[in-house]
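Remarks on the overall topology
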Amino acid sequence: MITGTESTAPVRAGRPAESPDSPPAGPAPAERPLLVVKFGGSSFVDLGDYREVADYLGRLSETHRVVAVVSGMSGTTGRLLEAARTIDPDLHAEVQDQVLATAEMVSAGFLRAALQAGGYSALDLWASQIGIVSDDRATRAKIRSIDTRPVLDALAGHQVVVVAGGQAVRADGRITMLGRNSSDLTAVALAAALGAGHCEIFSDVPGVYTADPYVVPEALLLPRLTYDQCAQMSASGAKVLHGGSVAVGREHGVTIVCRALDGRGSGEPLTASTGTVVGGGPHGTAVVGERGAQLHRFDGLRGWAETGRSALDSALAALAEEAFDVVAVPSGGDTVLVFTGAQVGVAAVLEQLGIKTEPVSGLGLVSVVEADGRTERRLLPVAELDDEVRRLHIEAHGAGAAEGERFRGSKRRSDHSSLLSSTPTVTAGAC
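Since the model is a prediction, treat every value here as computed from it, not as a measurement.

Conventions used here
- Residues numbered from 1 in each chain as written.
- Predicted model: local features only at pLDDT ≥ 70, side-chain atom pairs only at ≥ 80, totals over all residues.
- Heavy atoms only, no water.
- Helix = DSSP H or I, 4+ residues; strand = E, 2+ residues; numbered from the N terminus.
- Buried < 20%, exposed > 50% of the residue type's maximum accessible area, 1.4 Å probe, protein only.
- Contact = heavy atoms within 4.5 Å.
- Areas by Shrake-Rupley, 256 points an atom, 1.4 Å probe, with all protein chains shown as cover.
- Axes fitted to C-alpha atoms, helices over the stretch in contact; angles between N-to-C directions.
- Parallel < 35°, antiparallel > 145°, perpendicular 65-115°, else oblique.
- Left-handed = near helix turned anticlockwise from the far one by under 90°.
- Nonpolar A, V, L, I, M, F, W, Y, C, P; charged D, E, K, R; others polar.
- Pairing = 2+ DSSP bridges.
- Phe/Tyr/Trp six-rings, centres within 6.5 Å; stacked < 30°, edge-to-face > 60°.
- Right-handed = clockwise from strand over helix to strand, strands pointing away.
- Core = buried A, V, L, I, M, F, W, Y, C linked by side-chain atoms within 4.5 Å.
- Salt bridge = Lys/Arg side-chain N within 4 Å of Asp/Glu carboxyl O.

Here we look at the overall build of the protein
- Within the protein one finds ten helices and 23 strands.
- Relative to its full complement of 431 residues, the protein shows a buried share of 50%.
- When contacts within the protein are restricted to residue pairs at least 6 apart in sequence, those whose partners lie at least 24 apart make up 72%.
- Looking at the protein as shown, the accessible area adds up to about 18900 Å², and 50% of this sits on carbon and sulfur atoms.

Brief notes about the packing of helix α5 (residues 183-194) against helix α7 (residues 243-252)
- Closest axis-to-axis distance for the α5/α7 pair is 8 Å, and the angle between their directions is 15 degrees. Considered as vectors, α5 and α7 are oriented roughly parallel to each other. Here α5 runs over α7; the crossing is left-handed. On the side of α5, the interface is formed by D184, L185, V188, A189 and A192, while α7 contributes G244, S245, V248, G249 and H252.
- Split into classes, the residues belonging to the contact of α5 with α7 amount to five nonpolar, four polar and one charged.

Some points on the sheet that holds strand β22 (residues 363-369)
- Strand order across the open sheet formed by three strands is β17-β22-β23, with antiparallel pairing between neighbours. The open sheet has two edge strands, β17 (286-290) and β23 (375-381), and neither has a second partner. Averaged over neighbouring strand pairs, the angle between their axes works out to 20 degrees when direction is ignored.
- As paired elements, β17 and β22 share five bridges and run antiparallel to each other. By the bridge assignment, G289 is partnered in β22 with V366.

Regarding the packing of aromatic side chains
- For the coordinates displayed, the defined rule picks out six aromatic pairs.
- A ring pair is formed by F39 and F44, whose centres lie 6.4 Å apart and whose planes are at 50 degrees; its orientation type is tilted.
- Judged by its relative accessible area of 0%, F39 is buried.
- Plain terms: the ring middles of F39 and F202 are 4.6 Å apart, the flat faces sit at 10 degrees to each other, and that makes the pair stacked. With a gap of 163 residues between them, F39 in strand β1 (residues 34-39) and F202 in strand β9 (residues 198-202) connect regions that are remote in the sequence.

Describing the packing of helix α1 (residues 47-60) against helix α3 (residues 93-117)
- Relative to each other, α1 and α3 sit at 60 degrees, their axes nearing to 8 Å. When the axis of α1 is compared with that of α3, the two are oblique. In this structure, α1 meets α3 at a crossing whose hand is right-handed. Of the residues in α3, those in contact with L47, Y50, R51, V53, A54, L57 and G58 of α1 are S107, F110, L111, A114 and L115.
- Among the residues making up the contact of α1 with α3, the classes are represented as nine nonpolar, two polar and one charged.

Focus: the pairing of strand β2 (residues 65-70)
- Of all six residues in β2, six are buried, a share of seventy percent or more.
- A two-sided burial pattern is seen for β2, the buried positions comprising R65, V67 and V69 on one face and V66, A68 and V70 on the other.
- Relative to β2, β1 runs parallel, the two being bridged by six bridges. Note that in β2 the partner of K38 across the bridge is V69.
- At this point the chain moves from β1, through α1, to the parallel β2, and the crossover so formed is right-handed.
- Pairing between β2 and strand β6 (residues 160-164): five bridges, direction parallel. In the sheet register, V70 faces β6, and the bridge partner there is A164.

Some remarks on the pairing of β9
- Burial of β9 is extensive: four of the five residues sit out of reach of the surface.
- Bridge count for β1 against β9 is four bridges, and the pairing is parallel. Residue F39 lies in a different strand from β9, and its bridge partner there is F202.
- Here five bridges tie β9 to strand β13 (residues 255-259), and the two strands are oriented parallel to one another. Residue pairing for β13: E200 is matched across the bridge by V257.

Remarks on the nonpolar core
- One finds V36 and L190 to be the most contacted residues of the largest nonpolar core, which totals 48 residues.
- No other element matches the nine residues that α5 contributes to this core.
- Filtering out sequence-adjacent residues up to four positions away, L190 remains in contact with V67, V69, I132, I146, V151 and V163.
- A54, A108, A122 and L270 belong to the second-largest nonpolar core, a separate cluster that totals 26 residues.

Looking at the side chain of Q96
- Residue placement: Q96 occurs in helix α3.
- For Q96, the residues in contact, after removing those within four places along its chain, are L81, R85, L91, T139 and V344.

Regarding the pattern of salt bridges
- Per the counting criterion, the structure on display carries 24 salt bridges.
- Here R59 makes a salt bridge to D55, at a shortest N to O gap of 3.1 Å. Of this pair, R59 and D55 both sit in helix α1, four residues apart, roughly one helical turn.
- Judged by relative accessible area, R59 falls into the partly exposed class, the value being 28%.
- Assessed through its relative accessible area of 32%, D55 is described here as partly exposed.
- Among the salt bridges present, the one from R137 reaches D135, with a minimum N-O distance of 3.0 Å. Here R137 matches D135 in class, with each residue buried.

Any functional reading would require information beyond the geometric quantities listed.
Dropping the structure here:
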């Protein structure tokens, strides 16, 4: 349950401030709506992207009180993790959290700097400054409470409050991370705690498609999704939304709009695409292919079982309690546990929990997810995955999108992924 404690501080907004650190002049109307938005790493490929996003947010702040949650700049989290593991291949989970949190902190600082350069009053918040408290679990912490006063107090004096995503603090004040790609969760959880009816998630695609448009050019934009369908797509490996953010949105009635900014690099003011409304109702079937999952054949439990549950159900419940995203898929008479996404520490937790498994390689997961969340999954060789996704998409949607309606984007690669770190060269015998 996400709960918030409100501040009684007055909320102010208005024209860009003369001094970037001073509050904007003039009181804001009491009815000015609060809007929580999130920008993922794909929104910040170049340093100039911060200026474009800042201009969009500045204009948005003329009509809204704006909370902007940000991920680390494209590629920086992966480079930081690579560098840290070069120093210590057995990197402690707590150290990993401290290191990776800096990617979002720097990104929040960059966006604040861009807002202030544009004449808008902004404040960045991270870790203990945000008001989110978690449990003690490193790398995949669970939110325990949210105190909304820090954000509301910041909004009282600034047009835009920038929040470093994916991070919280445990009771002793140390930083915890809510999992990889969890800035979505930060944004939706803050929206719920602040009483906002919806939350907007910006990425490099205009919304959620019936398949990955980079794999299936004919994929159709889904104008709406049920929470159940989006949750199953996420569990199947679709890079749409963090699964925890969907659960929070469903529990607290926060609709989530997935969209992109149109006009990047044009020199013109950016506008938001129509996007996909998660929680907006059913629409159509989606096909998901996942080639990067960690697969483990389930061989039973070691020395324990739960009364009234099968061994498999007991294992899945224990893994869910440890905050792992996992689905069980039948395969040739066996059951394979499929951990989608870049989840860290899978093998260690399986050993710790006494879940007997054997690693499986060379297979990918394909899932057909219906509008009501019903899902069919199976495993097949990775080399066949994309072709099977395309075949199943044709089966579900025929020719798909017409030539003029297809997604035309391309994945942008950042030249700044080593901005926070470049992998060090370690020389034997050096001191």
